[in-house]
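Tertiary structure, described
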Protein chains: 2
Amino acid sequence: MSRAIYLYNTASRLKELFKPIHEGHVGIYVCGPTVYGDAHLGHARPGITYDVLVRLLRNLGYKVRYVRNITDVGHLENDADEGEDKIAKKARLEQLEPMEVVQYYTIRYEEAMKALGVNPPSIEPRASGHIIEQIALIEKILEHGYAYISNGSVYFDVEKYNKDFKYGVLSGRELGEMISNTRELDGQSDKHSPYDFALWKKAAPEHIMHWPSPWSEGFPGWHLECSAMSAKYLGEEFDIHGGGMDLMFPHHECELAQNTAARGRGGVHYWIHNNMITINGKKMGKSYGNFITLEELFTGKHPLLQKAYSPMTIRFFILQAHYRSTLDFSNEALQAAEKGLKKLFQAVRDTDGIATDEKASDAGVAKLYEDIYDSLCDDLNTPVALSYVFEAVNVVNKIKDKSLQINMAGKVLLQKIFKDVLTGILGLQDEQASGADAATIGGLMDIILKERQQARSQKDWAKCDALRDDLAKLGIRVKDTKEGSEWSLE
Amino acid sequence: MSRAIYLYNTASRLKELFKPIHEGHVGIYVCGPTVYGDAHLGHARPGITYDVLVRLLRNLGYKVRYVRNITDVGHLENDADEGEDKIAKKARLEQLEPMEVVQYYTIRYEEAMKALGVNPPSIEPRASGHIIEQIALIEKILEHGYAYISNGSVYFDVEKYNKDFKYGVLSGRELGEMISNTRELDGQSDKHSPYDFALWKKAAPEHIMHWPSPWSEGFPGWHLECSAMSAKYLGEEFDIHGGGMDLMFPHHECELAQNTAARGRGGVHYWIHNNMITINGKKMGKSYGNFITLEELFTGKHPLLQKAYSPMTIRFFILQAHYRSTLDFSNEALQAAEKGLKKLFQAVRDTDGIATDEKASDAGVAKLYEDIYDSLCDDLNTPVALSYVFEAVNVVNKIKDKSLQINMAGKVLLQKIFKDVLTGILGLQDEQASGADAATIGGLMDIILKERQQARSQKDWAKCDALRDDLAKLGIRVKDTKEGSEWSLE
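Quick look at the structure, then. The model shown is predicted, which means the values in this text are computed figures rather than measured ones.

Quick notes on the environment of Thr423 of chain B
All names here are of chain B. Looking at the secondary structure, you find Thr423 in helix α13 (residues 408–425). By C-beta crowding, Thr423 is classed as partly exposed, having 16 other C-beta atoms within 10 Å. Through-space distance from the C-alpha of Thr423 to that of Gly117 is 9.6 Å; in sequence the pair is 306 residues apart.

Here it is, written out as structure tokens:
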């Protein structure tokens, strides 16, 4: 490929040169949503982070197969092995078939991702659609002696695995120090040790989602699906596994253990984890009263929000932080992002019209172009890349001011930065100028501002003000400048 | 429920009063797409027909569970039991994993349906996600003696079934008269009789989609998924099964036979079939060169198309024919539909502004309202319902002309017809006025037309003409009337 890319590998705690298993091809698996509720900020960050990684890899010339699953069964309350399945519980509360809950929230999740400019993955497998593959995986783990059957359920034997392979390497934990996150509930006694986790759970009589298996009518444990589906669609050894940092333990640790117990190897070459989002400095959670869904953000309907924030504002805001840093949401920070994004796309729109001068240089744009790629290839450093994009914005504004000249090569490269990098890789779109309607609005504004300009030249201030007020009612702000009038949609 | 609804049942060849199995609830299963190519006109008609049926049932107060499947495996070339799986073949040609093909075309199908105003079903199960259920169904059919194992595959024994239950009742065929649509290909000899169809196919070594089963590594026959998934999500006995008339034989006939062989009963209370679409009088098909995808229709990019037709034009056009009639697509017919739809929504937009007079009557609107529901409840007679909607349009236009008066109750009922029936049940939306942008455009037009009105009153014809020409460049046509100016977006 044209450029080297470095990625921070959680497994080694090092930034490593990325080398794919098959030259020119990348297989990437990312843990997707459990579809029992609306997509929230916690979904936006991994959605956008891995979208940018995939867009970058494709831009560099890789053929990428991107698999992101839908968890539609087996994800129990509190991520523990006991309790009620989250989807089944929602179905019971809403008096629906579990798959009606799955359908409803899957569509809403995908709509939210689309709004955020997140491209769909290449394959979107569902846990409930891969029961056969999960049963086959359990059989292998049992055969290798790292699991046991207990009262119709099958559990992974963590202590035995730990002796042979060491459990906890990914998250850097020692078995002795771990506190089990399982609670003492019905069925807890089936486990030999609190460390153990379920591979297959026998269904209680009232449980509505279950399938036949060699051990019982039941359902797979939550961790199993990712081990089964990543191998099915990417092979037992594949390049990149991504997900939120909260999934590192126990989910990814269990995945790694399952892979190793079944196949003698972890299978994942690069483990990548995005950091968490906080809200006004606090962890987001339903119990904290600061749980904000994406729809609430897009519409502004949440007591913590001063206004609505557009999907691109959210995307831009998320990309302004490095994916491995925590990111704090606040109205101030979002409004600053909104302003920055507006400034950015104003320059993008202005670029086509700037004059060139063949006696001038490229105004440093070629170096900016390289700097942007270097930052993105340095473990996806989007904040640094964006700072260089803003240097390109400054170049455009200086040329408009006539305090700087640029040659045609420089202008073409500016357009390339905005088209290939800003839109192509970072996935940011000009919301003001999307679609035919925006063009129509722009055209109508030209007509109205021409009228207003005429009124100004005739010093008909009453008419000028009346037009401005009429436009304000439509949410359009007019700013008068020496050259004429600028407008923006609020 | 508030009104009786009659549906034509293919099984009885009669229009029957619809009685649901469970009071107030309706379970409906419709055969969805095989996702190996772009959605075309042949997908639009069942998509829209069953969408209107479900919307009507919900409007009448039923709680509807609408299941529409995605066929992502097992649909062989020529719909026969032999040959290559359509999805696997596409994957091989495009050098993709079959599930990448499935993902790509599923998303495109759903986008096309969304554009057509077709609501998503309640559950959208995939064949590949229900292999366990399909294997269990085969085991039952084998157990009851209506299938046999042959060289790792399992076939349905049509002659034996015919003796006990009679095969062909749905499509009205006699076994003796049937010509098998299977071709003589590899594996053909595994069948005892050409009538027989595959329940399970042993996978050839090069076949990429296969699962373990008691008989072989293989994959399910195409007809099986609908029998398995309808029972899983709607019960072994359910209300309505829909699909295109081309699916009546062999697909639905085989489904019925599988259900009966496994469970002793057909399970479906009402079989509903929509008729086919022709293009300029000819059957649509890739080999006829008249195969038009929905995207081609929406963009106008097909040699047979004179222009682009909007999704709502297609929807309106389809609803202008009864679902059991054939429907012929032509540029003339589509352009007539486009014109009719414009007229319709002009009246809808005008309705809010019409004056009322309490000395007047309801202008016959209450009767129109009843007539519309009566037509819809009479086996979904959308063309007749639309003719009454157009009578409502005439009422609006006459009131605007001041040749008719209406009281407030009549006006409210007009609004109800347009909101509840036209948009709510028929799913037709005003494409000119969708979204916030449309509101902005409307607001800007008000400002410009006020300017123009002023110019007219000052007899400044040059300015009037200039404004009209500027608007024409944006595709906006202005028509001057006595009361002022009307405008429309081309």
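Notes on the interface of chain A and chain B
Taken together, the contact between chain A and chain B spans 32 residues of the former and 32 residues of the latter. Mapped by element, the contributors of at least two residues to the side of chain A that touches chain B are α3 (98–115), α4 (131–143), α14 (435–457) and α15 (461–473) of chain A. The element best represented in the side of chain A that touches chain B is α14 of chain A, accounting for 10 residues. Residues belonging to the side of chain A that touches chain B are distributed by class as follows: 18 nonpolar, six polar and eight charged.

Side note on the nonpolar core
Formed by 258 residues in total, the largest nonpolar core has its most connected members in Ile417 of chain A together with Ile417 of chain B. Apart from the residues within four sequence positions on either side, Ile417 of chain A is in contact with Leu368, Tyr369, Ile372, Val389, Ala392 and Leu422 of chain A. Counting residues in hydrophobic clusters, the runner-up holds 18 residues, among them Leu444 and Ile476 of chain A together with Cys464 and Ile476 of chain B.

A few points about the pairing of strand β10 (residues 268–274) of chain B
Extensive coverage of β10 of chain B is indicated by the burial of six of its seven residues. Note on the crossover from strand β9 (residues 238–244) of chain B through helix α7 (residues 248–263) of chain B to β10 of chain B: the handedness is right-handed.

Quick word on the sheet that holds strand β13 (residues 327–329) of chain A
Residues and elements named next belong to chain A. Reading across the sheet, the three strands line up as β12-β11-β13 and stay open at both edges, with mixed pairing between neighbours. Taken across any chain shown, the strands that pair with only one partner, and hence form the sheet edges, are β12 (282–283) and β13. Inspection of the sheet shows strand β11 (residues 277–279) paired to β13 by three bridges, in the parallel sense. Of the residues in β13, the one forming a bridge with Ile277 is Leu327.

About the cut-offs
Residues numbered from 1 in each chain as written. Chains lettered and ligands numbered in written order. Predicted model: local features only at pLDDT ≥ 70, side-chain atom pairs only at ≥ 80, totals over all residues. Helix = DSSP H or I, 4+ residues; strand = E, 2+ residues; numbered from the N terminus. Buried ≥ 20, exposed ≤ 12 C-beta atoms within 10 Å, placed from the backbone. Contact = placed C-beta atoms within 7 Å. Nonpolar A, V, L, I, M, F, W, Y, C, P; charged D, E, K, R; others polar. Core = buried A, V, L, I, M, F, W, Y, C linked by C-beta atoms within 7 Å. Right-handed = clockwise from strand over helix to strand, strands pointing away. Pairing = 2+ DSSP bridges.

So yeah, pure geometry; function would need other evidence.
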